[in-house]
Amino acid sequence: VQLQASGGGLVQAGGSLRLSCTASGRTFPFSSYTMGWFRQAPGKEREFVTAISWTGGNTYYADSVKGRFTISRDNAKNTVYLQMNSLKPEDTAIYYCAADRLGVNPRGSRTYESWGQGTQVTVSS
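All of the points below concern the structure found in this document. (Residues numbered from 1 in each chain as written. Predicted model: local features only at pLDDT ≥ 70, side-chain atom pairs only at ≥ 80, totals over all residues. Heavy atoms only, no water.)

Quick word on the pairing of strand E7 (residues 69–74)
- Side chains of E7 alternate between two faces, with Phe69, Ile71 and Arg73 buried and Thr70, Ser72 and Asp74 left unburied.
- Bridge count between E7 and strand E8 (residues 79–84): 6 bridges; the pairing is antiparallel. Residue Asp74 lies in a different strand from E8, and its bridge partner there is Thr79.
- Connecting E7 to the next strand, E8, in antiparallel fashion are 4 residues, including Asn78 with a positive phi near 55°. (Buried < 20%, exposed > 50% of the residue type's maximum accessible area, 1.4 Å probe, protein only. Helix = DSSP H or I, 4+ residues; strand = E, 2+ residues; numbered from the N terminus. Pairing = 2+ DSSP bridges.)

Below, the structure is given as structure tokens:
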């Protein structure tokens, strides 16, 4: 599956952004994938942000974003969303969406088989 992320940009601290990630390709149905968002800040390793099960019934969040970020999906549109509120300068990073058919470890980047190109999020203080 091919993933296209969008929605990044520059925002002031305390502001909001919504990222989108749309899947395409003639593979398994989008609805069969666990979808995740990861981020990588300059000089740091890629880290887990959030994930959502294929039905949307289960969601997972990193402690650093819990209560501020919300992941959702629309399987009819082959799209997963990341609503980011109360943004902080430390949220500045390139955000990547990823797809995992197995869904065994939603927080682990190694289980994700497809990755989008990333979208830059910059939060100014």
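Alright, that's what it looks like, and here's the rest.
Quick word on the pattern of salt bridges
- Counted according to the given criterion, the structure contains 4 salt bridges.
- Ionic pairing is found between Arg39 and Asp91, a salt bridge with its closest N-O pair at 2.9 Å. Of the two residues, Arg39 sits in strand E4 (residues 34–40) while Asp91 sits in the loop between E8 and strand E9 (93–100), which places them 52 residues apart along the sequence.
- For Asp91, a relative accessible area of 1% puts it in the buried group.
- As a salt-bridge pair, Asp91 and Arg68 come within 2.7 Å of each other at their nearest N and O atoms. Remark: Arg68 occurs in the loop between strand E6 (59–61) and E7 and Asp91 occurs in the loop between E8 and E9; sequence separation between them is 23 residues.
- Its relative accessible area of 11% is what places Arg68 among the buried residues. (Salt bridge = Lys/Arg side-chain N within 4 Å of Asp/Glu carboxyl O.)

Re the nonpolar core
- Core analysis: the largest hydrophobic core is formed by 35 residues, its most contacted members being Met35, Trp37, Met84 and Tyr95.
- Mapped onto this core, the elements with two or more residues apiece are strand E1 (2–6), strand E3 (17–24), E4, strand E5 (47–52), E7, E8, E9 and strand E11 (119–124). (Core = buried A, V, L, I, M, F, W, Y, C linked by side-chain atoms within 4.5 Å.)

As for the packing of aromatic side chains
- Under the definition given, this model contains 4 aromatic pairs.
- With centroids separated by 5.7 Å and ring planes inclined at 75°, the aromatic side chains of Phe38 and Phe48 adopt a geometry described as edge-to-face. Pair noted here: Phe38 is in strand E4 and Phe48 is in strand E5, with a separation of 10 residues, a long-range link.
- According to the relative accessible area criterion, Phe38 is buried, its value standing at 1%.
- By relative accessible area, which is 13% here, Phe48 ends up buried.
- Here Phe38 and Trp115 contribute two aromatic rings whose centre-to-centre distance is 5.1 Å and whose plane-to-plane angle is 55°, an arrangement assigned as tilted. Of the two residues, Phe38 is situated in strand E4 and Trp115 in strand E10 (residues 114–115); the sequence distance between them amounts to 77 residues. (Phe/Tyr/Trp six-rings, centres within 6.5 Å; stacked < 30°, edge-to-face > 60°.)

Overview of the side chain of Asp100
- Considering the arrangement of structural elements, one finds Asp100 in strand E9.
- In this structure, Asp100 is buried with no salt-bridge partner, the nearest side chain bearing the opposite charge being Arg101 at 7.7 Å.
- There is a polar contact of 3.1 Å between the side chain of Asp100 and the backbone nitrogen of Gly103.
- Of the polar contacts made by the side chain of Asp100, one reaches the side chain of Thr111; its length is 3.3 Å.
- Other than its neighbours up to four places away in sequence, Asp100 contacts Ser32, Tyr33, Thr34, Thr111, Tyr112 and Glu113. (Lys, Arg positive; Asp, Glu negative; His and termini not counted. Polar contact = N/O pair within 3.5 Å; in protein donor to acceptor, adjacent residues only side chain to side chain. Contact = heavy atoms within 4.5 Å.)

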